[in-house]
Amino acid sequence: MSDSLDDDLHHQRLAQVARLLRESGARRVLDLGCGTGWLLQLLLQEPRFETLVGLEQSGELLAQAQLRLAARPEAGGGRLRLICGSYAEAQPELAGFEAAAMVETLEHMPPGALSLVERRVFAELAPARLVLTTPNHDYNPLYGLAPGEFRDPDHRFEWGRARFRAWAQGVARRHGYRLRLGGIGEWHESLGQPSQLAIFDAGPCP
């Protein structure tokens, strides 16, 4: 995958996730697996977000986020908080936020940890809205990748659309969320879009 294509998709993801967080009406937002802070930087530009918390298990990435964000005037007054930790671990102080994002982070978790991640995020943190993106493995041939090859060597898995749909539907059913599925990036008639999108909203279907 070329750097230019990857950068373009990255910006599309951030813009889409930020829009969905704005539409939720949330004032307090978690970025679970915030990496170097790109989404937080975008959200800081929105005065409606009163509290922004980034959680990242990599100390190196979190240090980069700190450098990126600490000097920004919008981050003052206690509005932004960065925490070194994992959403696969108990984080009781982060429970009950109005919205949360998981942008291209789930696929970095070992598959055997997904049931634990589900419990920590959806049962314990239980944000009112969670916006999640992850690669669409079906789309990888368009990037010149071989069957079974992942987009990043740090990815522990990548799901095609059917597998992702089944997982997201199961999570929503088990934890009382409404679910909308979609995609981000250029559409292909048989392979879908390069990024998969799931929007989980608390509460049963009307």
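The structure under discussion appears in the preceding block.
A brief report on the enclosed structure follows. (Residues numbered from 1 in each chain as written. Predicted model: local features only at pLDDT ≥ 70, side-chain atom pairs only at ≥ 80, totals over all residues. Heavy atoms only, no water.)

## Examining the overall build of the protein
For the protein, the count of helices and strands is five helices and seven strands. Listed by position from the N terminus, the elements making up the protein come as α-β-α-β-α-β-β-α-β-α-β-β. Its C-alpha atoms give the protein a radius of gyration of 16 Å, near enough to 17 Å, the size a compact globule of 206 residues would have. Across the 206 residues of the protein, 49% fall into the buried class. Sequence separation of at least 24 residues holds for 69% of the intrachain contacts in the protein that already meet a minimum separation of 6. Entry remark: accessible area of the protein is about 9700 Å², with carbon and sulfur atoms responsible for 50%. (Helix = DSSP H or I, 4+ residues; strand = E, 2+ residues; numbered from the N terminus. Rg over C-alpha atoms; globule rule 2.2 N^0.38 Å. Buried < 20%, exposed > 50% of the residue type's maximum accessible area, 1.4 Å probe, protein only. Contact = heavy atoms within 4.5 Å. Areas by Shrake-Rupley, 256 points an atom, 1.4 Å probe, with all protein chains shown as cover.)

## Description of helix H5 (residues 161-175)
End to end, H5 covers 21 Å across 15 residues, agreeing with the expected 21 Å (1.5 Å per residue, within 8%). Every buried residue of H5 is accounted for by Phe164, Trp167, Ala168, Gly170, Val171 and Ala172. Tucked inside the fold, the buried residues of H5 contact helix H4 (114-125), strand E5 (129-135), strand E6 (177-184) and strand E7 (195-202). Just past H5, the residue Gly176 takes up positive phi, approximately 70 degrees. (Expected span 1.5 Å × (residues − 1).)

## Comments concerning the pattern of salt bridges
Applying the stated criterion across every chain, the model contains nine salt bridges. Linking Glu74 and Arg72 is a salt bridge whose minimum nitrogen-to-oxygen distance equals 3.3 Å. By relative accessible area, which is 25% here, Glu74 ends up partly exposed. The class for Arg72 is partly exposed, based on a relative accessible area of 24%. The residue Asp201 makes a salt bridge to Arg129 at a minimum N-O spacing of 2.7 Å. Placement of the pair is Asp201 in strand E7 and Arg129 in strand E5, with a sequence separation of 72 residues. In this structure Asp201 comes out as buried when scored by relative accessible area, which is 11%. Taken together, the shared-partner salt bridges in this structure form one network comprising Arg22, Glu46 and Arg48. (Salt bridge = Lys/Arg side-chain N within 4 Å of Asp/Glu carboxyl O.)

## Notes on the sheet that holds E5
Backbone-to-backbone hydrogen bonds join strands into a sheet, with any given pair of strands oriented parallel or antiparallel. What the seven strands build is an open sheet, ordered E3-E2-E1-E4-E5-E7-E6; its pairing is mixed. Each having just a single partner strand, strand E3 (80-84) and E6 make up the two edges of the open sheet. The sheet shows a mean angle of 15 degrees between the axes of neighbouring strands, direction not considered. Judged from the eight bridges that link them, E6 and E7 form a sheet pairing that is antiparallel. Looking across to E7, one finds that Leu179 is bridged to Phe200. H4 contacts strand E1 (28-32), strand E4 (99-103), E5, E6 and E7 of the sheet and is inclined by roughly 175 degrees relative to E1. (Pairing = 2+ DSSP bridges. Axes fitted to C-alpha atoms, helices over the stretch in contact; angles between N-to-C directions.)

## Brief notes about unusual backbone geometry
Despite not being glycine, Glu104 has its phi angle at roughly 50 degrees, a positive value. Structurally, the position occupied by Glu104 is in the loop between E4 and H4. One non-glycine residue, Ala126, lies in positive phi territory at about 45 degrees. In this fold, Ala126 is placed in the loop between H4 and E5. Taking the relative accessible area as the measure of exposure, Ala126 reaches 33% and is therefore partly exposed.

Everything listed here is a matter of geometry and, on its own, says nothing about what the molecule does.
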